[in-house]
Amino acid sequence: MSMYCDVAFNLPLSQVFTYACGDEIPEIGMRVEAPFRGRMLMGFVVGTRLPKPRGTFQIKSISKIVDSQPVFSIKLLALAEWTAFQYVCSVGEVLALMVPGGRREKDAEGSWLSYDSMEYEISSLSAEQETALADIRAESHSFHYVYGITGSGKTAVFLKYAKEIFEAGKGIIYLVPEIALTHQVLQAFKAEFGEKTVAEHIAILHSGLTPSVRLKEWMRVLRGDARLVIGVRSAVFAPVPDLGLVVIDEEHENTYKAGSTPRYHARQVAMHRVQEEGGKLLMGSATPSVEAWYAMQTGKLPSSRLHTRPAGGELPKVDIVSMQGETGAFSQELVEGISKTRGKGNQTILFLNRRGFAYSFRCNSCGFEYKCKRCSVSLTYHKQRNVLICHYCGLAARPVGTCPECGSLDAGYVGFGTEMIEEEITRLFPGYTIQRVDTDTVKKKKKLEELLRDFKEGKTDILLGTQMVAKGLNVKGVSLVGIVLADTSLMLPDFRAAERTFALIVQVGGRAGRYASGGRVLIQTFRPKHEAIVLAAQMKIDEFYEQEIAMRQELGFPPFTRLIRLVFRGKEKQQTFKASALFAEEFRKAMEDQNEPGAETLGPAECPIAIIANNHRYQIIFRGRNFAPLHNAVKSVLWNFKTPAGVYIEIDVDPVSLL
Ligand code: ADP
Ligand code: ZN
Ligand code: ZN
């Protein structure tokens, strides 16, 4: 009698498929190749069984067993099933993401860089840190949050607790928001656990590794050989057999939410994992997500506070500089600040969250704005490469001098990016050593290491950069941080815009005066009275959250509601819109049966970025106080929905961005 197995494919199909096995029978957790709709596909064995499934359909045979031993366990399969259920996708899609080599690696989750600037010589914890550690040990709740100012030694607390868990023989997953930070955490682990222990037990999992290296690391974890895992978002799925601890450092970071299917949030997956598998989830940040802050406030999430910097270093003095009426990118204050800083032999970090030279090309006569032909966003002018580039689809266009619409000469580039700022500071500060760090200048890991080493050794006077300089950079000589324009993320049509801007200012500001007094932060802005900016400048952290919470409550946004966002995209505008309208209609009908008064359907409406790469985009946002009815209704409509050919539906549960 022959055996049968159920195979899940990396396809958006809700079911699994049954195949006959040959003489060799694959185990659950192995990958196989099997014919599917005229092609050969790799799939994951999620079940095996003896009797032939009922039905008269013809059963095909698997062609090849890929693995000699399972690459995922039953426990992990259960996690994949939950993730698929929660984020409305197929088990195969989740397994393909989890298991290295399960799908073609698209882009890496971040840049392949490493900072090595943390001096880790901690002889003893401060009293505050000791209290936090005692809280963590004593707390019976599975989750704990360490809410402490930048530089308050959250990492040290995590590591001390991790060591206890490790010594008890259990496994640890330590998540950081960017690959760049894994190296730093690794150094910290070495200092705490000893080089030898770390060398034996560590596994570093991220998509910057080649698939085969990643699979090797993955198998070491699965077998229990490596039980210290450091990684970014996807490492939350690491197959640690006896999980004792998951750490989510910088919990507020958006990089913990996946931007493509399955659109999971590492925090939610970690919560589910520790509840199912045991162990503890530790989270930490100086600027928690609004959700986490609210959960702490209402007592649902136990937490500890850290108010002081054990390594010394005062919090910097922060000033807001209004740019209203300024014509250039630099205020007098910032120019003076930079030259004074150098005069004292110190260094400056300049932060601007926008690459390129100019933000867009505009005509003052007819109002024309040069946008991407394929996307509804402005093209960014890159001067050195002499090209206009779309930051969404990569389309390049030739720069223009006059308005392409009306021919007027009264047209030109407006707004500035890091490239222009570099030119500007080179002109303003002759003789200074200046380095720019963004994805245009730093394509290779080596290059960045070099730049950062120079900076750390004090060879660079001004380090200018995007997000890349915002995180984890702790350099002794830095006494001034200039935020060139705080407004870049503030005016986005997204209810999290204020939260994001606030966190960014506090985090970037935390880079100044880490080790000395007299640190200073200058925030340039066109909106000097905006609460996110004012409260960040005054370091009134809790006050910001209180205001933000009140606003969210009034407008009915998370954490007071849950959202599920659907984006319909397609080349045909009308067809795409119609599909979204029909879906919204069906959803309303489905909700009628659920007796859920507070639930709402917002849209369909054009997405704020209405077109990307020639695809028209419409969104529907489903909102409600209770998650289950929304979730159920979306699924029941989706599984019966006849999506027209050429239209694609992206499902985002608990979206962090609405663009
Ligand atoms: P956070 O994660 O809260 O921003 P870190 O854990 O990075 O803070 O610690 C900031 C700095 O303080 C680091 O350089 C670290 O080595 C140092 N540090 C942490 N705890 C102690 C301690 N108990 N004694 C001395 N220095 C400490
Ligand atoms: Zn014009
Ligand atoms: Zn484009």
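All figures in this text were calculated on a predicted structure; none of them were measured in a lab.

Trainee: When you look at the packing of aromatic side chains in this model, what are you seeing that I'm missing?
Mentor: Within a pair of aromatic rings, the relevant descriptors are the distance that separates the centres and the angle that separates the planes. For the coordinates displayed, the defined rule picks out 27 aromatic pairs. Measuring from ring centre to ring centre gives 6.0 Å for F502 and Y545, while their planes differ by 80°; the resulting arrangement is edge-to-face. One end of the pair, F502, is in helix α13 (residues 497-509); the other, Y545, is in helix α15 (residues 541-555), and 43 residues separate them in sequence. Comparing F502 with Y545 shows no difference in burial state: the two are buried. With a centroid separation of 5.7 Å and an interplanar angle of 70°, the aromatic rings of F544 and Y545 are classed as edge-to-face. Of the residues examined, F544 reaches a relative accessible area of 0% and is grouped as buried. Joined through ring pairs, the aromatic side chains of F158, F166, Y174, F189 and F193 make up one cluster. Its end group placed over the ring of F166, R227 keeps NZ or CZ at 3.9 Å from the ring centre. Across the ring face of F627, the terminal group of R562 is positioned such that the distance to the ring centre comes to 3.9 Å.

Trainee: Even after reading the chapter, I still don't get the domain arrangement of the chain, so can you show me in this structure?
Mentor: One frequently used descriptor of interface size is the decrease in accessible area upon assembly of the parts. For the chain, the assigned domains read domain 1 (4-100), domain 2 (112-306), domain 3 (317-356 + 416-553) and domain 4 (562-653). Inter-centroid distance (C-alpha atoms) of domain 2 to domain 4 is 35 Å.

Trainee: For this particular structure, what's the right way to read empty space enclosed by the protein?
Mentor: Gaps left between atoms show up when a probe the size of a water molecule is rolled over them. A full pass over the atoms with the stated rule returns 4 cavities of 30 Å³ or more. Of the voids in this model, the largest cavity is the one considered here, and its volume is about 80 Å³. For the largest cavity, the full set of lining residues is F351, L352, N353, I483, L485, A486, T488, S489, T501, L504, I505 and V508. Per-element accounting of the lining of the largest cavity gives the leading share, 4 residues, to α13.

The rules behind each value
Residues numbered from 1 in each chain as written. Chains lettered and ligands numbered in written order. Predicted model: local features only at pLDDT ≥ 70, side-chain atom pairs only at ≥ 80, totals over all residues. Heavy atoms only, no water. Phe/Tyr/Trp six-rings, centres within 6.5 Å; stacked < 30°, edge-to-face > 60°. Helix = DSSP H or I, 4+ residues; strand = E, 2+ residues; numbered from the N terminus. Buried < 20%, exposed > 50% of the residue type's maximum accessible area, 1.4 Å probe, protein only. Lys NZ or Arg CZ within 6 Å of the ring centre and 35° of its normal. Domains from an automatic or database assignment. 1 Å grid on protein atoms, 1.4 Å probe; cavity = no way out; pocket = protein on both sides within 12 Å on 5 of 7 lines; lining within 4 Å. Points joined across faces, edges and corners; volume = space filled by probe spheres on them.

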